[in-house]
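# Fold and contact review
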Amino acid sequence: MRSRASEYRAEGLLKNPHVQSVLSSSPWRRRAGAVRLAALGASSQVHVLDLADGIRLAGLYTAAPTPRADGALALLLHGWEGSAESSYIQHSAAELLAAGVSVFALNFRDHGQTHDLNEGLFHSCRLQEVIDAAKAVQGHYRPSRFAVAGYSLGGNFALRLALAAEAEGLPIDAAFAVCPPVDPSAVLRELETGPPFYHWYFMRKWRASLRRKRALFPHAHAFGDDILHRDMRGLTQWLVGQHTDWDDEEAYFGGYSVAGARLAALRVPTRILAAADDPVIPIASLRALQLSDAATLEISDHGGHCGFIRDWQQHGFAEHWLKTGLIAVLDGVQ
């Protein structure tokens, strides 16, 4: 593993991790991302992927206005309760499209208003359907070069995709993860003991998602509001007990953990970007990773959770880091 300090620097109020984290998902940044995409003349198409066992996932495909000769395509994965139109996905797409890389931004099950596509609930151990989605994207668009990149929970999925790539026959040229939750159990403890705002924020979005699911499939999801009133650990325990095969929440967390030595077998060129002041992802869990020589971990002093914002015009470092890293791999200069 190569570990190094990130080139990202923050100034003034942008050194505050909470300012960074809030701006990352703010309407202002989302609007700035939409403006950047519009300026490129980018036109996205909704693509519903029909997968094994009747599973359907949807995403947004955007062809690069001036594509690279190698036909490169990047699969972008959002965070928990985000979507293919989250601000960090939009900004990342704009950077990649400008560099000639086409983009498929996938919505996980029950994200991005896709709750009606599947009866079963989303949970973070549903890796196989994301692998199948990646294969379907490759099969449909047939890119010569293919990369995967994710933010937060999407970063966790990107790492697991890279780890499973060889066994699954899934050719991936590079993987990128920004602020990935490598140890989900530690993340929950951080949310339980840290500033209450983050627990409130995620619970507000998760409860709204579950209410939407209940309204669409009342015969399958007849849970009452008493369930929704639980805190994150309590609601996770309910989800695990009712909708997974795991014995308890800690076993479930272990099902999608990539902590410790779990990524030591990585063979796909992989880069991870993290912030020491992330209020959601404990930096100790990232420092403790045992990674292969194919992986690089970069840690900045500042950046918050998926922030890394450079200025008040909402320009970000993470999407530039993703673009330059991917182009280096594609051009064979890494």
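Refer to the structure above for everything that follows.
Quick caveat, the model's predicted, so the values are computed rather than measured. (Residues numbered from 1 in each chain as written. Predicted model: local features only at pLDDT ≥ 70, side-chain atom pairs only at ≥ 80, totals over all residues. Heavy atoms only, no water.)

### Details of the nonpolar core
Put simply, the rule is: Residues belong to a common nonpolar core when they are buried Ala, Val, Leu, Ile, Met, Phe, Trp, Tyr or Cys residues joined through side-chain atoms within 4.5 Å. Here's how the labels work: a residue is buried when its accessible area is under 20% of the maximum for its type, exposed when over 50%, partly exposed in between, all with a 1.4 Å probe on protein chains only. Secondary structure elements are taken from DSSP: a helix is a run of H or I of four residues or more, a strand is a run of E of two residues or more, and numbering for both begins at the N terminus. Any pair of residues with heavy atoms lying within 4.5 Å of one another is described as a contacting pair.
Within the largest apolar cluster, 70 residues are counted, with the highest numbers of intra-cluster contacts made by Leu75, Leu77, Leu106, Leu161 and Leu286. The greatest single-element share of this core, amounting to 8 residues, is contributed by helix H5 (residues 153-168). Excluding residues that lie within four positions of it along the chain, Leu286 makes contacts with Pro180, Val182, Ile272, Ala274, Ile281 and Leu297. If you look at the next biggest cluster of nonpolar residues, it comprises 41 residues, including Tyr8, Leu96, Ala149 and Tyr151.

### Describing the packing of aromatic side chains
Rules: Note on ring pairs: Phe, Tyr and Trp rings are taken, using the six-membered ring of Trp, and paired if centres are within 6.5 Å. Classes follow the plane angle, with under 30 degrees stacked, over 60 edge-to-face and the rest tilted.
Using the criterion set out here, one finds 18 aromatic pairs in the structure. Ring geometry for Trp80 against Trp206: centres 5.2 Å apart, planes inclined by 70 degrees, an arrangement best described as edge-to-face. Of this pair, Trp80 sits in the loop between strand E4 (73-77) and helix H3 (87-98) while Trp206 is found in helix H7 (residues 196-216), placing the two residues 126 residues apart along the sequence. Overall, the relative accessible area of 8% leaves Trp206 in the buried class. Considering the side-chain rings of Phe223 and Trp238, the 5.2 Å spacing of their centres and the 70 degrees angle between planes classify their relative orientation as edge-to-face.

### Section: helix H2 (residues 27-39)
Quick note on the threshold: Any helix carries an expected span of 1.5 Å times its number of residues minus one. The directions considered for the arc run from the helix axis to the C-beta atoms.
Helix length check: H2, at 13 residues, gives a terminal C-alpha distance of 18 Å against a target of 18 Å (1.5 Å per residue), a fit within 8%. Three or more residues of H2 are buried, namely Arg29, Ala32, Gly33 and Leu37. Mapping the buried residues of H2 onto a view down its axis gives an arc of 140 degrees, with all of them on the same face. Exposed and facing more than 90 degrees away from the buried side of H2 are Trp28, Arg31, Val35, Ala38 and Ala39. Against helix H1 (17-24), H3 and helix H12 (317-330) lie the buried residues of H2. Downstream of H2 by a residue or two, Gly41 has a phi angle that is positive, lying close to 75 degrees.

Purely geometric stuff here, so don't read any function into it on its own.
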